[in-house]
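Single-letter residue listing:
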Amino acid sequence: MEVLELRTYRDLQYVRSMETLMRSLDARLRAADGSLSAKSFQELKDRMSELLPLSSVLEQYKADTRTIVRLREEVRNLSSSLAAIQEEMGAYGYEDLQRRVMALEARLHACAQKLGCGKLTGVSNPITVRAMGSRFGSWMTDTMAPSADSRVWYMDGYYKGRRVLEFRTLGDFIKGQNFIQHLLPQPWAGTGHVVYNGSLFYNKYQSNVVVKYHFRSRSVLVQRSLPGAGYNNTFPYSWGGFSDMDFMVDESGLWAVYTTNQNAGNIVVSRLDPHTLEVVRSWDTGYPKRSAGEAFMICGVLYVTNSHLAGAKVYFAYFTNTSSYEYTDVPFHNQYSHISMLDYNPRERALYTWNNGHQVLYNVTLFHVISTAGDP
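Remember, predicted model here, so these are calculated numbers, not experimental data.

> Teacher, can you tell me more about the overall build of the protein here?
Counting secondary structure elements, the protein contains 5 helices and 21 strands. Looking at the 376 residues of the protein, the share that counts as buried comes to 45%. For the protein, the share of sequence-separated contacts (at least 6 apart) that also reach a separation of at least 24 residues comes to 55%. Total accessible area on the protein stands at roughly 19,500 Å², and carbon and sulfur atoms take up 54% of it.

> Would you mind showing me how to read the environment of F215 here?
Tracing the backbone through its elements, the reader meets F215 in the loop between β9 (209-214) and β10 (219-225). With relative accessibility at 4%, the residue F215 sits in the buried group. Taking C-alpha positions, F215 is 7.6 Å from H182, a pair spaced 33 residues apart along the chain. Excluding anything up to four places from it in sequence, F215 contacts W153, V164, E166, H182, V195, G198, S199 and L200.

> Sorry, what's going on with the pairing of strand β3 (residues 137-140) here?
Sheet faces and side chains relate simply in a regular strand, where the side chains alternate between the two faces. Side chains of β3 alternate between two faces, with G137 and W139 and S138 and M140 buried alike. Relative to strand β4 (residues 152-156), β3 is paired through 4 bridges, and the arrangement is antiparallel. Looking at β4, one finds that M140 is bridged to W153.

> Help me understand the pattern of salt bridges in this model?
In a structure, side chains of opposite charge can pair up when their charged atoms sit close to one another. For the coordinates displayed, the defined rule picks out 8 salt bridges. One salt bridge in this structure joins D149 and R151, with 2.9 Å as the shortest N-O distance. Residue D149 is classed as buried on the basis of its relative accessible area of 19%. The residue R347 makes a salt bridge to E348 at a minimum N-O spacing of 3.4 Å. Owing to a relative accessible area of 31%, E348 belongs among the partly exposed residues under this scheme. The network of salt bridges with shared partners includes D149, R151 and E166.

> Sorry, what's going on with the environment of S243 here?
For S243, the location among the structural elements is in the loop between β10 and β11 (246-250). Residue classification places S243 among the buried residues on the basis of a relative accessible area of 3%. Sequence separation between S243 and N233 is 10 residues, and the spatial gap between their C-alpha atoms is 6.8 Å. A polar contact is formed between the side chain of S243 and the backbone nitrogen of Y237, at a distance of 2.9 Å.

> Looking at this structure, I do not really get the packing of aromatic side chains. What am I missing?
Each aromatic ring pair is characterised by the separation of its centres together with the angle its planes make. Per the stated rule, a full pass over the model turns up 25 aromatic pairs. These aromatic residues form a ring-pair network of at least three members: W139, Y154, F167, F173, F179, Y352 and W354. Geometry around F173 places R130 over its ring, the cationic atom sitting 5.6 Å from the centre. Of note, K289 hangs over the ring of Y237, and the distance from its end group to the ring centre comes to 3.9 Å.

Rules used throughout
Residues numbered from 1 in each chain as written. Predicted model: local features only at pLDDT ≥ 70, side-chain atom pairs only at ≥ 80, totals over all residues. Heavy atoms only, no water. Helix = DSSP H or I, 4+ residues; strand = E, 2+ residues; numbered from the N terminus. Buried < 20%, exposed > 50% of the residue type's maximum accessible area, 1.4 Å probe, protein only. Contact = heavy atoms within 4.5 Å. Areas by Shrake-Rupley, 256 points an atom, 1.4 Å probe, with all protein chains shown as cover. Pairing = 2+ DSSP bridges. Salt bridge = Lys/Arg side-chain N within 4 Å of Asp/Glu carboxyl O. Polar contact = N/O pair within 3.5 Å; in protein donor to acceptor, adjacent residues only side chain to side chain. Phe/Tyr/Trp six-rings, centres within 6.5 Å; stacked < 30°, edge-to-face > 60°. Lys NZ or Arg CZ within 6 Å of the ring centre and 35° of its normal.

If you want it as structure tokens, here you go:
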């Protein structure tokens, strides 16, 4: 509505400036009374040409009117929905209503993400959130949590760790206050962990086992071997650090990035069922994992950096919806020169990075299209 108001104000000023010209033309046409010289006719023709842009302005007014009509209809529909919800309030208990609201919010979230899907075209300058911990580690938020939930999870180190810190908000994380500690029953390997819908997904140390740890119950819900996946520095990223298995979440769900002997060390992308950890579908990207600095998923597309050191850029993209790839050239400023964790958060449209003991954020720019990328 604000955009329409600004555009309408601008066009109204233009229309008012045309009124004087139109009155002048009308007066001259009346005075001519059918007898126009060639010179007078040309003058009138030139003045008339000045009015030509008015037609496009009036067409825009018509389009804006249709938009306002649609907006009015949407408001009317929303009002009806709210009235219906208000009537139902007495029929449901608080917990039932809360579940309904959460289900609706999840559907709205999924629709918004899919409508906003697109191709990566740019990465912003880095935003250093905090400098904390060792050279290697990971930090993240839950991509499926409601917008009011801004908890941050922090895991220092790249192997044999079991201690996960949960901060109440990003502000608390920055200040280092208001956190609780989770002690995992099995140690982790690498830094490719991800928090998704209230659970932590990570690689069990010295194995190709995926572990799903539920924070609220403080228990392992399920664990499963990833068939053929290398582990224990068999197929890490170029920086090493037991980074054989990297878990990611994007607009279309949970992913595992790894490699196998059968794939000759090339990156494999597998879509996982978040409940059972079974592989839904896999793709062989053809890109050697040991040559990759780090990687992340956006809208079903795997983006790979060519290095973890200074001068890195997003160099390679693999599209799961078409099983095709292309080489890219999207630079980003690697401020602290040693990235050991790089993950995309679809809720915030940002890259979370652990860069040489610094926790860093990057905003991303996407070329927005309606997409079903990542669907089999």
